[in-house]
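A structural walkthrough
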Amino acid sequence: MTTEHASATRGPVAVSLGATVTASGATALPSTGAPASRTTTRPATDAPREGGLQDRFGRVATDLRVSVIDKCNLRCTYCMPADGMPWLPTSQLMSADEIRRIVRVAVHSLGAEELRITGGEPLVRKDLEHIIAGIRADNPDLPISMTTNAVGLDKRAQPLKDAGLTRLNVSLDTLHPETFAELTRRPHLDKVLAGLEAARAAGLGPIKINAVLLRGINDTEIVSLVDWAVTHGFEMRFIEDMPLDGDRSWTEGAVIPARDIRAEIETAFSLAPDPRGRGAAPAERWEVRRPGETAVAGHVGIISSVTEPFCAACTRTRVTADGRIRSCLFSHEETDLLTALRDGADDEGLAQIWRDAMWAKPRAHGSDRVGLARADFVQPQRTMSAIGG
């Protein structure tokens, strides 16, 4: 990760997030600071004209993440401000049919091998089952997962399974009601736990539990979360806090680094690297054994975007709820796919826009330099809820 890649001609997206492009190519930033309604792209002379989603550094994106809505029913401190979020108007959100077509292009024309549905909170969309059913009809063998906070999942787990959802990642940072309310600004821990039970009963698995660790808030729960997850048959995943918060209050000093997470787990369990290897997965996985036992009790994953970045192996491509391609989670540029779709572009036209966008993917963390804690790092304008995880 520290070796500098050779430079290459920049691809199509010469437009900063939040800017619009005039016919002359000049850009103008909206005064509100909210994402502009549309961005456009210019042709990328060096991007492949066929095949999958390659970038300048030899990576190929096969992991598709599509946000279906920017709204959320929680207000997690590491993601959103307490209030004042400018939600997208319905007219700018992708419809169920538009989502279905974009996924079909990604799979059939560009080689996407798996889909993660994200938000905001996907369960806020009342037509979520319809969206998943349409995607499943087009792609019978496609793994379809979803990241959710599980609020309301108790009533929808079985319909989602019936529609074609494969598995879940559930965000749960604490098992204590008071800490949950502090982190999410909502008193809904009981609803999350009810949603998890319903998901397990419906056969949505494996279920992974995502916890963002925050110093002085939930960092004392590492062992108890692992014990709870292993006992209930879930895979625990710890995520280093990243600079994607709405309050712009992130600091490197608040991050619990991966090495400290591993050390804390090993005070109560034995850890061994997962023999299946990591591949392009964002989480480094470990086998968990209880003291004195040889059998594997479960697995833990650690996503260390800050202290042990894995950008060189990234295979992800993201589409926001308003139909914009983000080649990198921390990008300052996006490529508008939805306007082209609504203007009548055929599947190959949409695929080429996507190839051009991914060819311009930055090396790491929104630029061609690695590091979220470096002095010149600039946080993306959009928060995680607006980007899609």
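In this convention, every chain numbers its residues from 1, walking through the sequence in written order. Restriction of local features to residues with pLDDT of at least 70 applies here, the model being predicted, together with a cutoff of 80 or more for giving and counting side-chain atom pairs; totals for whole chains, interfaces and linings are based on all residues. Side-chain metrics in this entry use all non-hydrogen atoms of the structure; hydrogen atoms and water are not considered.

1. As for empty space enclosed by the protein
Note the following rule: Using only the protein atoms, space was sampled on a 1 Å grid; points where a 1.4 Å probe fits but cannot get out form cavities, open sets with protein on both sides within 12 Å along at least five of seven lines form pockets, and lining residues are those with an atom within 4 Å of a point. Grid points are joined across faces, edges and corners, and a volume is the space filled by probe spheres set on the points. Under the DSSP-based scheme used, a helix requires at least four consecutive residues in state H or I and a strand at least two consecutive residues in state E, with every element numbered from the N terminus. Three residue categories are used. Nonpolar comprises Ala, Val, Leu, Ile, Met, Phe, Trp, Tyr, Cys and Pro, charged comprises Asp, Glu, Lys and Arg, and polar comprises the others, including Gly.
One pass over the full model with this rule turns up two cavities of 30 Å³ or more. Roughly 40 Å³ of internal volume is contained in the second largest cavity. Lining the second largest cavity, in full, are A96, D97, R100, H130, I131, G134 and I135. Elements represented by at least two residues in the lining of the second largest cavity include exactly helix 1 (96-110) and helix 2 (128-138). Among the elements that take part in the lining of the second largest cavity, helix 2 stands out by supplying four residues, more than any other. Residues of the lining of the second largest cavity, tallied by class, amount to three nonpolar, two polar and two charged.

2. With respect to the pattern of salt bridges
To keep it simple, the criterion reads: What makes a salt bridge here is a side-chain nitrogen of Lys or Arg within 4 Å of a carboxyl oxygen of Asp or Glu, nothing more. The classification of residues rests on relative accessible area computed with a 1.4 Å probe and restricted to protein chains. Under 20% of the type maximum is buried, over 50% is exposed, and intermediate values are partly exposed.
Applying the stated criterion to the full structure yields 23 salt bridges. A salt bridge links D55 to R59, with the shortest nitrogen-to-oxygen separation between them at 2.6 Å. Taken individually, D55 and R59 each receive the classification buried, so the pair is uniform in this respect. Its salt-bridge partner being E197, residue R200 comes within 2.8 Å of it at the nearest N-O pair. Here the residue R200 and the residue E197 both occupy positions in helix 5 (residues 189-202), the gap between them amounting to three residues, near one helical turn. Given the relative accessible area of 34%, R200 is considered partly exposed. Salt bridges here are not isolated pairs; linked through shared partners, they connect E235, D274, R276 and R285.

3. Concerning the sheet that holds strand 7 (residues 144-148)
What holds strands together in a sheet is hydrogen bonding between their backbones, with the strands either parallel or antiparallel. Note the threshold: Should DSSP find at least two bridges between two strands, the strands are regarded as paired. By the convention used here, residues are in contact when the closest approach between their heavy atoms is within 4.5 Å. Fitting a line to C-alpha atoms yields each axis, with helices limited to the stretch in contact; the angle taken between N-to-C directions then spans 0 to 180 degrees.
Pairing within the open sheet is mixed, and its twelve strands lie in the order 11-12-13-10-9-8-7-6-5-14-15-16. With partners counted over all chains shown, the strands left at the sheet margins are strand 11 (270-273) and strand 16 (335-336), one partner each. Judged from the two bridges that link them, strand 15 (residues 324-326) and strand 16 form a sheet pairing that is antiparallel. Considered in strand 16, the bridge of R324 is made with D336. Here helix 7 (residues 258-265) sits on the sheet and contacts strand 9 (207-213), strand 10 (235-240), strand 11, strand 12 (284-289) and strand 13 (298-303); the angle it forms with strand 13, its principal contact strand, is near 160 degrees.

4. A few points about the side chain of K208
As a reminder of what qualifies: Two residue types count as positive, namely Lys and Arg, and two as negative, namely Asp and Glu; His and chain ends fall outside the count.
In this structure, K208 sits in strand 9. One buried charged residue, K208, remains without a salt bridge, the closest side chain of opposite sign being E235 at 4.6 Å. Not counting the four nearest positions on each side in its chain, K208 is found in contact with R167, L168, N169, V170, E235 and R237.

5. Focus: the environment of N210
What counts here: Two N or O atoms form a polar contact when they lie within 3.5 Å of each other; inside protein one atom must be a possible hydrogen donor and the other a possible acceptor, and for residues adjacent in sequence the pair counts only when both atoms belong to side chains.
Its place among the elements puts N210 in strand 9. Judged by relative accessible area, which is 8%, N210 ranks as buried. On a C-alpha basis, the gap between N210 and N169 in space is 6.6 Å, while along the polypeptide they are 41 residues apart. Among residues more than four places away in sequence, those in contact with N210 are N169, V170, S171, L172, D173, R237 and I239. Among the polar contacts made by the side chain of N210, one reaches the side chain of R237 at a distance of 3.2 Å.

6. Some points on the packing of helix 1 against helix 9 (residues 347-359)
Each pair of packed helices can be described by the angle between their axes along with the distance between the axes. For clarity, the cut-off: Any angle that falls under 35 degrees is termed roughly parallel, while one over 145 is termed roughly antiparallel, one within 65 to 115 roughly perpendicular, and all others oblique.
Remark: helix 1 packs on helix 9, axes separated minimally by 10 Å, with the N-to-C direction vectors making an angle of 80 degrees. Between helix 1 and helix 9, the crossing angle belongs to the class labelled roughly perpendicular. Contact residues: helix 1 offers R101, I102, V105, A106, S109 and L110, while helix 9 offers D347, L350, A351, W354 and R355. Here the residues of the contact of helix 1 with helix 9 sort into seven nonpolar, one polar and three charged.

7. Quick look at the layout of surface pockets
Taken as a whole, the largest pocket encloses approximately 510 Å³ of empty space. In terms of lining residues, the largest pocket is bounded by 26 residues, among which E114, R116, R167, K208 and A281 are the most central. Each residue belonging to the lining of the largest pocket can be placed in one class, and the counts come to eight nonpolar, five polar and 13 charged.

8. Quick notes on the packing of helix 1 against helix 2
Spelled out, the test is: Left-handed is the label given to a crossing in which the near helix is rotated counterclockwise from the far helix by less than a right angle, and right-handed is the label when the rotation is clockwise.
Axis separation between helix 1 and helix 2 bottoms out at 9 Å; the angle between their running directions is 30 degrees. For the element pair helix 1 / helix 2, the angle class is roughly parallel. In this structure, helix 1 crosses over helix 2, and the sense of that crossing is right-handed. Contacts from A96, D97, I99, R100, V103, R104 and H108 of helix 1 reach helix 2 at H130, I131, G134, I135, A137 and D138. For the contact of helix 1 with helix 2, the residue count by class is six nonpolar, three polar and four charged.

Interpretation in functional terms is not warranted from these geometric data alone.
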